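Structural features, examined
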Amino acid sequence: MRIEILCTGDEILTGKTINSNYSHIARRLEEVGLSAYWGTTVGDDRDSLLAAFRQAAARADAVIVNGGLGPTVDDLSQEIAARAAGVELVLDEAWLARMEEFYARRNRVMPPNNRKQAMLPAGAEFIDNPIGTACGFAVTIDNVRFFFTPGVPREMRRMLDEQIIPRLLALGGVTGVTRLKRFHSFGIGESRADQMLSDILAPGADIKLGFQAHYPQLETKLAVRGIDGADLERKLAPIEAEVRRRLGNFILAEDDQTLEGVILSMLRDRGLSLSIAEMFTSGTIATRIAPLPGAESVFRRSAVARDLAQLRAAVGLATGGDAGAVSPQAAAAVASMLRDSSGSSHALAVLVDLDEGADRMELGGTIAVGIADGGVAVARQARLFGGRDWIRLGATELALDCLRRHLLGLPVDEQIDFERR
């Protein structure tokens, strides 16, 4: 089935907003065995939208339209969809009541222009939006089914998974159920992971293996199709187990889990607490942990500084001698002092010594990570390259992964693909 993804909005067309919605939709289609044949971006212009709808109807079997369902004058998707389908816009009383209730629950009066969001092409199939005020809908234009989704990413993603993809699969005559299993790893590059898993699937298997690299993590994906849930589990279980065995300690989370979420859960479940000291990472580690639900019961203190002398002073550690030298011993000392001064059960310190010179791909940095938990402090050092941003990202991920490994009793100093020794 030939599918077109049509994204609307002047902000997308002019590059002011990065079109992450397109990449998500296209990726999800591939994961369930469907494919996007065309991707079109069009601005908030009536004639341009109408031409784009008609062009898509002339070449595609199904079209996903993203954006243009808001309450403002430049949100034109309903109007142009009705025009292309040759029908009038009509008020959906049920959705209007839903919107009014949505505002009432927040003790607000719905603005009059939001009524526009309940105007749908006559005969359109309603597609629910359980978390927003822009409902989706489907209409047929020149014998091609068009599915309209809001531009808000979290609303679009939920509607895509729960309602659009099942309709597309049915439209394409695809039977059965699908599942996507994801493994998130740190320390293994895409090429190495491909080599490690190259023979994991038997010829003709109903499972598709794929990778998506987004430094510093790698996502390994298993897309499987089956008759029902039991069939999916039967096919997937042995492959899942083999992926875990081969990637081993490098797997840091699965499916919707995140590295910081896994760490927080372990700390919370064990009644532990955490403080963090960061140099050069601009507080990125604390920023990833502190906003998580339940973090307030675990997260004790954060110290952020540009250099080691400032960081030592921030945690109450005396300076002098080689206090400015980044080393595993210095990281362990900062972590130990921070643990003592904050009263937390665990403290994590990451220090970065950036090479001198202009920012460039060859620019490197020395990263030292220290972890203190009341016993013997654990530390490790690594050299990363790739410029300031990559070093900052790598140092953040390395520090968090070291803490994860320490909490699990895994070796902290296991070499990763991104470091040089």
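Above this note sits the structure.
These numbers come from a predicted model, not from an experiment.

Attention shifts here to the packing of helix α3 (residues 46-59) against helix α4 (residues 77-85). The geometry of α3 relative to α4 is characterised by a closest axis approach of 10 Å and an angle of 50° between their N-to-C directions. With respect to α4, the element α3 is oriented oblique. As α3 packs across α4, the resulting crossing turns out to be right-handed. For the pair α3 and α4, the contacting residues are R46, D47, L49, L50 and F53 in the first and S77, E79, I80, A81, R83 and A84 in the second. Grouping the amino acids of the contact of α3 with α4 by side-chain chemistry returns 6 nonpolar, 1 polar and 4 charged.

According to the stated counting rule, one finds 38 salt bridges in the structure shown. Its salt-bridge partner being R192, residue D417 comes within 2.6 Å of it at the nearest N-O pair. Here D417, found in the loop between α13 (388-408) and β18 (419-420), pairs with R192, found in helix α7 (residues 190-197); they are 225 residues apart in sequence, far enough to count as distant. Of the residues examined, D417 reaches a relative accessible area of 35% and is grouped as partly exposed. Residue classification places R192 among the partly exposed residues on the basis of a relative accessible area of 32%. Measuring nitrogen to oxygen at the nearest pair gives 2.8 Å for the salt bridge that ties R244 to E254. Separated by 10 residues along the polypeptide, R244 in helix α8 (residues 229-247) and E254 in strand β12 (residues 251-254) bring together distant segments of the chain. Relative accessible area serves as the criterion here: at 33%, R244 is assigned to the partly exposed category. Where salt bridges share partners, they join R179, K181, E233, E240, R244, E254 and D255 into one cluster.

On to the pairing of strand β3 (residues 62-66), then. Taken across its 5 residues, β3 has 5 buried, putting it largely inside the fold. Residues A62, I64 and N66 of β3 are buried on one face, and the alternating residues V63 and V65, pointing to the opposite face, are buried as well. Relative to β3, strand β1 (residues 2-8) is paired through 5 bridges, and the arrangement is parallel. What sits directly across from C7, in β3, is N66.

Right, let's talk about the side chain of S342 for a bit. Within the fold, S342 resides in helix α12 (residues 328-342). A distance of 2.7 Å separates a polar side-chain atom of S342 from the backbone oxygen of L338. Not counting the four nearest positions on each side in its chain, S342 is found in contact with S275 and R301.

As a further point, take the sheet that holds β18. Taken in spatial order, the 6 strands line up as β14-β13-β15-β16-β17-β18 in an open sheet, and their pairing is mixed. Since the sheet does not close on itself, it has two edges, and those belong to β14 (299-305) and β18, each with one partner. Pairing between strand β17 (residues 378-385) and β18: 2 bridges, direction antiparallel. Paired with L384 across the strands is E419, a residue of β18. Here α12 sits on the sheet in contact with β13 (274-279), β14, β15 (346-354), β16 (364-372) and β17, set at roughly 40° to β16. Where α13 meets the sheet, its contacts fall on β13, β15, β16 and β17, and the angle it forms with β16 comes to roughly 25°.

What follows covers the sheet that holds β3. With mixed pairing, the 6 strands of this open sheet are ordered in space as β2-β1-β3-β8-β7-β6. Unpaired on one side and paired on the other, β2 (35-42) and β6 (125-127) mark the two borders of the sheet. For this sheet, the mean angle separating the axes of adjacent strands, direction not counted, is 25°. The strands touched by α3 within the sheet are β1, β2, β3, β7 (136-141) and β8 (144-149), with β1 carrying the most contacts at an inclination of about 170°.

Quick look at the packing of aromatic side chains now. All chains considered together, the criterion is met by 10 aromatic pairs. Note on F53 and F146: the rings are 5.8 Å apart at their centroids and 65° apart in plane angle, and the pair reads as edge-to-face. Here the residue F53 occupies a position in helix α3, and F146 occupies one in strand β8, the gap between them amounting to 93 residues. Residue F53 shares its accessibility class with F146, and that shared class is buried.

Here the focus is α3. Its 14 residues place the ends of α3 21 Å apart at the C-alpha level, agreeing with the 20 Å of an ideal helix rising 1.5 Å per residue. Among all positions in α3, only L49, L50, A52, F53, A56 and A57 are buried. The buried side chains of α3 occupy one side of the element, clustering within an arc of 160° when seen end-on. Opposite its buried face, α3 presents the exposed residues D47 and A58, each directed more than 90 degrees away.

Its place among the elements puts A377 in the loop between β16 and β17. Its relative accessible area of 28% is what places A377 among the partly exposed residues. Along the primary structure A377 and A332 are separated by 45 residues, whereas in three dimensions their C-alpha atoms are 5.7 Å apart. With residues near it in sequence (within four places) discarded, A377 still touches A332, S336 and I371.

With that out of the way, let us pick up a negative patch on the surface. Together, D10, E11, D45, D47 and D74 line one region of the surface with negative charge. As for its position among the elements, D74 is in the loop between β3 and α4.

Along the chain, Y215 connects to P216 via a cis peptide bond; the corresponding omega equals 10°. Inspection of the secondary structure puts P216 in the loop between β10 (207-214) and β11 (217-226). Located in the positive-phi region is N107, a residue other than glycine, with phi close to 55°. Within the element layout of this structure, N107 appears in the loop between α5 (93-104) and β5 (119-121). Residues other than glycine seldom take positive phi values, yet D255 does so here, at roughly 55°. Considering the arrangement of structural elements, one finds D255 in the loop between β12 and α9 (259-269). Its relative accessible area of 24% is what places D255 among the partly exposed residues.

Procedures and definitions
Residues numbered from 1 in each chain as written. Predicted model: local features only at pLDDT ≥ 70, side-chain atom pairs only at ≥ 80, totals over all residues. Heavy atoms only, no water. Axes fitted to C-alpha atoms, helices over the stretch in contact; angles between N-to-C directions. Helix = DSSP H or I, 4+ residues; strand = E, 2+ residues; numbered from the N terminus. Parallel < 35°, antiparallel > 145°, perpendicular 65-115°, else oblique. Left-handed = near helix turned anticlockwise from the far one by under 90°. Contact = heavy atoms within 4.5 Å. Nonpolar A, V, L, I, M, F, W, Y, C, P; charged D, E, K, R; others polar. Salt bridge = Lys/Arg side-chain N within 4 Å of Asp/Glu carboxyl O. Buried < 20%, exposed > 50% of the residue type's maximum accessible area, 1.4 Å probe, protein only. Pairing = 2+ DSSP bridges. Polar contact = N/O pair within 3.5 Å; in protein donor to acceptor, adjacent residues only side chain to side chain. Phe/Tyr/Trp six-rings, centres within 6.5 Å; stacked < 30°, edge-to-face > 60°. Expected span 1.5 Å × (residues − 1). Arc of directions from axis to C-beta. Patch = residues over 30% accessible without salt bridge, like charges linked within 9 Å, V, L, I, M, F, W, Y side chains within 5 Å. Areas by Shrake-Rupley, 256 points an atom, 1.4 Å probe, with all protein chains shown as cover. Lys, Arg positive; Asp, Glu negative; His and termini not counted. Charge placed at Lys NZ, Arg CZ, Asp CG, Glu CD.

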